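Observations on the model geometry
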Amino acid sequence: EQEGEWLRSLARSRSSVALQLLSKRTNKMQNVDDEGTRGGSELGSSAICNVMYRPGGSIFRKDLAESLVRYGRSDIASSGIHSVTGADEEKNTFEYITSNDMKKIRTDAAYMERLGELQNEAIRERSGMWADEYLRSHIQYKDLVKEVESEANAPMWKRVWTWFRNR
């Protein structure tokens, strides 16, 4: 499978899609022309969304992120949308739009935890990109892969203890 092939096939099949915005970051940088004159501000945005799609012939929607992560077609960006340097905060370069409702925040945290579990499953099963030894040994992923493999090879009593400790 080529890069992006699965998403292109989803688009070709004209699957029904529903989108829910979870969080948005807007970059409020100003344009500076060649002569150093400041112009209007150029806005660039990043967003975290929950995308549900309906595969061809199905009456139920599926979560796009869960599908991508489960089959090793994507990984979870641990830094997320809110990775900001102190200098950016001082200059008030970014504007954030997100929920302050604790119930919504808990729901979003549980969702991210579910994606993490699916990613660990994909790593254990060597699905999709996780089958590539070069990627598994890459500095960005090797600690994660090592942790997942050690959990999978741990004795039963240790797995039970970890499960109780994390609940």
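Just above sits the structure.
Residues numbered from 1 in each chain as written. Predicted model: local features only at pLDDT ≥ 70, side-chain atom pairs only at ≥ 80, totals over all residues. Heavy atoms only, no water.

Applying the stated rule across the entire model yields five salt bridges. Taking the shortest distance from any N to any O, the salt bridge between Asp 108 and Lys 104 comes out at 3.1 Å. Here the residue Asp 108 and the residue Lys 104 both occupy positions in helix H4 (residues 102-125), the gap between them amounting to four residues, near one helical turn. Residue Lys 104 is classed as partly exposed on the basis of its relative accessible area, which comes to 23%. The partner of Glu 149 in a salt bridge is Arg 126, and the shortest N-O contact between them spans 3.8 Å. Of this pair, Glu 149 sits in helix H6 (residues 142-152) while Arg 126 sits in the loop between H4 and helix H5 (133-137), and the two are 23 residues apart along the sequence. Salt bridges here are not isolated pairs; linked through shared partners, they connect Arg 126, Glu 133, Arg 136 and Glu 149. (Salt bridge = Lys/Arg side-chain N within 4 Å of Asp/Glu carboxyl O. Helix = DSSP H or I, 4+ residues; strand = E, 2+ residues; numbered from the N terminus. Buried < 20%, exposed > 50% of the residue type's maximum accessible area, 1.4 Å probe, protein only.)

The subject of this paragraph is the nonpolar core. With seven residues, the main nonpolar core is built from Ala 122, Ile 123, Trp 130, Leu 135, Tyr 141, Val 145 and Val 148. Setting aside residues up to four positions removed in sequence, Tyr 141 forms contacts with Asp 75, Met 129, Trp 130, Leu 135 and Arg 136. (Core = buried A, V, L, I, M, F, W, Y, C linked by side-chain atoms within 4.5 Å. Contact = heavy atoms within 4.5 Å.)

Don't take any of this as a statement about function, it's just geometry.
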